[in-house]
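# Notes for the structure review
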Amino acid sequence: MMRGMRWLLVVGALCGCGTKAQVTMPETLPVDSGDGGLGGDSGDGGVSGDGGDSGDSGDGGVSGELDCEGIRGMRALFEAQRSFLQERDRYSQDLAEVGFSPAACADGSRAPVPGPGQVAGCQFAYQVTSVTGPPGSSFAAIAQGATGTPAADMTLQIGSSPSQGIFFWLEHSGVRRYVDWNECRPTGSFSAQEFEAVENMGHAFLAMRASFFERDQYPSTLLQAGFVPMGCTDGSSAPLPGPDWVAGCHFAYQVSSVTGSPTPSFTVTAQGAAGTPVADVTLQIGSPSFQTIVFWIERSGVRRYIAWEEREPTRSVCDVQEEEGLIHIQALYTTERAIFQEKDRYSSNFAELGFLPLSCTDGTRPTSPDSSWLGGCRFIYHVELTGPSTFIATARAVSGPIAGTTFQIDETGTRTHSPVRSAACP
């Protein structure tokens, strides 16, 4: 088990968990690129004046492109501030310090900067208007439409406070409404409300596993795992069905089962709030055995599995699927180097290495050509010892639009990539 834990910590480090990256807004809104590996119905979307209970499906809302420029910019600003808080234990008045850089217009122009401390996007200027330090850290930021542009009479404000969590509103010609968090954002085959739960369940899964690596057991509640979902942008949240539940905006979440050694496992359930469009929607994610994942959504009694890549509908499905092989082949190299330092040799024995990649979200793994290969989800893995102190590790995609794609890496860290992409890839 300890080798397996070391392997997973290597994978986590390579994923960049907990690190801050510069937040740069795309020039244009990304387009959902595929089926995420599995089909599904499209739901009912999400934008309204009360935090988001109506709208069309697939893009997180029905706002116009002008609204969406400001909404996407403010969402990126919020995420940059929250990342900075996790790293430095404070918010910042300086948007450059937190790595926030809004996109310019297509012709390269930007809105005029009205004053110090503001940064300009295309038709909006952004500024942090207040920051308070710990305890009870909070911040507020504003986006103001540029004079002489169609956005001139638009203002947005976003922020975080200990009492309210998140607040986010847009005012247009004197009419104010709250902005749903997933508004102006691709949500794939899910409604905006459903996608809230899809994202949060991914976070809950990673939080439960991180807690296991620290304590060698899964926690019995999500609060013990450090998982606290975001409420609605008007300060409200879903009602709690009972004890040990935590509330998001449209869903409540609970650890519904935990088992200990020798076969540790857990299950987390998300239940849509009564009186909302997702009242009959349930999601479940868990790990019934080591390095096995099960993740599904049930709408009105109809259940389907959710592919792991469906959590990222703004990215190319092919890029996300390739990432599985890339992360694991790089981590396999790191693990081989570690065992070489311990034993002065490499190994092709995955059990000795403690290597077991995560399964598909229905709990299955692909069939391997022979016992020297090991299946993850989209990829199968193999290590060939080419000499007393040399090896070549291979990751080969066997399903989806990237089937045939191969990554290889040797003992020097030299990595090769042989992509194979179907017409389904953008």
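All of the points below concern the structure found in this document. (Residues numbered from 1 in each chain as written. Predicted model: local features only at pLDDT ≥ 70, side-chain atom pairs only at ≥ 80, totals over all residues. Heavy atoms only, no water.)

## Side note on the nonpolar core
Counting residues in hydrophobic clusters, the biggest one holds 31 residues, and the most contacted among them are Met-201, Met-208, Leu-222, Phe-251, Tyr-253, Val-268 and Leu-283. Among the elements of the structure, α3 (192-215), β10 (251-259), β11 (265-272), β12 (281-287) and β13 (294-299) are those that each provide at least two residues to this core. Broken down by element, the residue count for this core peaks at 10 residues, all from α3. Once residues within four sequence positions are removed from consideration, Met-208 is found in contact with Tyr-218, Pro-219, Leu-222, Ala-225, Val-255, Phe-266 and Val-268. Judged by nonpolar contacts, the second largest core, of 28 residues, contains Phe-78, Phe-124, Ile-166 and Val-179. (Core = buried A, V, L, I, M, F, W, Y, C linked by side-chain atoms within 4.5 Å. Buried < 20%, exposed > 50% of the residue type's maximum accessible area, 1.4 Å probe, protein only. Helix = DSSP H or I, 4+ residues; strand = E, 2+ residues; numbered from the N terminus. Contact = heavy atoms within 4.5 Å.)

## Looking at the sheet that holds strand β16 (residues 379-387)
Reading across the sheet, the 5 strands line up as β15-β16-β17-β18-β19 and stay open at both edges, with antiparallel pairing between neighbours. Strands at the two margins of the open sheet, each flanked by one partner only, are β15 (373-375) and β19 (415-418). In this sheet, neighbouring strand axes are inclined to one another by 15 degrees on average, regardless of whether the strands run parallel or antiparallel. In this sheet, β19 lies alongside strand β18 (residues 406-410) in antiparallel orientation, the contact comprising 4 bridges. (Pairing = 2+ DSSP bridges. Axes fitted to C-alpha atoms, helices over the stretch in contact; angles between N-to-C directions.)

## Details of the pairing of β13
In this sheet, β13 lies alongside β12 in antiparallel orientation, the contact comprising 6 bridges. Along β13, the bridge assignment pairs Gly-286 with Val-294. The antiparallel pairing of β12 with β13 creates a hairpin that spans 6 residues between the two strands, and Gln-291 there sits at a positive phi of about 65 degrees. Of the strand pairs in this sheet, β13 and strand β14 (residues 302-305) are connected by 4 bridges, and their pairing is antiparallel. Considered in β14, the bridge of Ile-297 is made with Arg-304. Linking β13 to β14, which pair antiparallel, is a turn of 2 residues; within it Ser-300 sits at a positive phi near 50 degrees.

## Digging into the pattern of salt bridges
A full pass over the atoms with the stated rule returns 18 salt bridges. The salt bridge partner of Glu-97 is Arg-90, with a shortest N-O separation of 3.0 Å. Residues Arg-345 and Glu-352 are paired through a salt bridge, measuring 2.6 Å at the closest nitrogen-oxygen approach. The class for Glu-352 is buried, based on a relative accessible area of 19%. Counted as one network, the salt bridges with shared partners bring together Glu-87, Arg-88, Arg-90 and Glu-97. (Salt bridge = Lys/Arg side-chain N within 4 Å of Asp/Glu carboxyl O.)

## Quick notes on the sheet that holds strand β8 (residues 175-178)
Pairing in this open sheet of 6 strands is antiparallel, and the strands run β3-β4-β5-β6-β7-β8 from one edge to the other. The open sheet terminates on both sides in strands that have one partner only, identified here as β3 (118-120) and β8. Each neighbouring strand pair of the sheet contributes to a mean axis angle of 20 degrees, computed without reference to strand direction. Its contacts with the sheet put helix α2 (residues 65-88) on β4 (124-132), β5 (138-145), β6 (154-161), β7 (165-172) and β8, and the angle it makes with β6 is roughly 20 degrees.

## Observations concerning the state of the cysteines
The bond known as a disulfide is covalent and runs between the sulfur atoms of two cysteines. Under the counting rule described, the total for this entry stands at 5 disulfides. Each disulfide pairs two cysteine sulfurs, and for Cys-105 the partner residue is Cys-122, the sulfurs being separated by 1.9 Å. Note on the Cys-105 and Cys-122 pair: the S-S dihedral is about 95 degrees, so by sign convention the disulfide is right-handed. A residue pair is termed long-range when its members are at least 10 positions apart, and Cys-105 in the loop between β2 (100-101) and β3 and Cys-122 in the loop between β3 and β4 qualify at 17 residues. The pair formed by Cys-105 and Cys-122 is uniform in burial state, with each residue classed as buried. (Disulfide = S-S within 2.5 Å.)

## Quick look at the environment of Leu-77
Here Leu-77 is to be found in helix α2. C-alpha of Leu-77 to C-alpha of Gly-159: the two residues are 82 residues apart in sequence and 9.4 Å apart in space.

## Quick notes on the environment of Arg-72
The topology assignment puts Arg-72 in helix α2. Judged by its relative accessible area of 8%, Arg-72 is buried. Separated by 111 residues in sequence, Arg-72 and Glu-183 place their C-alpha atoms 8.4 Å apart.

## Re the side chain of Ser-92
Note on placement: Ser-92 falls in the loop between α2 and β2. A distance of 3.0 Å separates the side chain of Ser-92 from the backbone nitrogen of Asp-94, its partner in a polar contact. At 2.5 Å, the side chain of Ser-92 forms a polar contact with the side chain of Glu-97. Discounting chain neighbours no more than four positions away, the residues touching Ser-92 are Gln-81, Phe-84, Glu-97, Val-98, Val-128 and Val-131. (Polar contact = N/O pair within 3.5 Å; in protein donor to acceptor, adjacent residues only side chain to side chain.)

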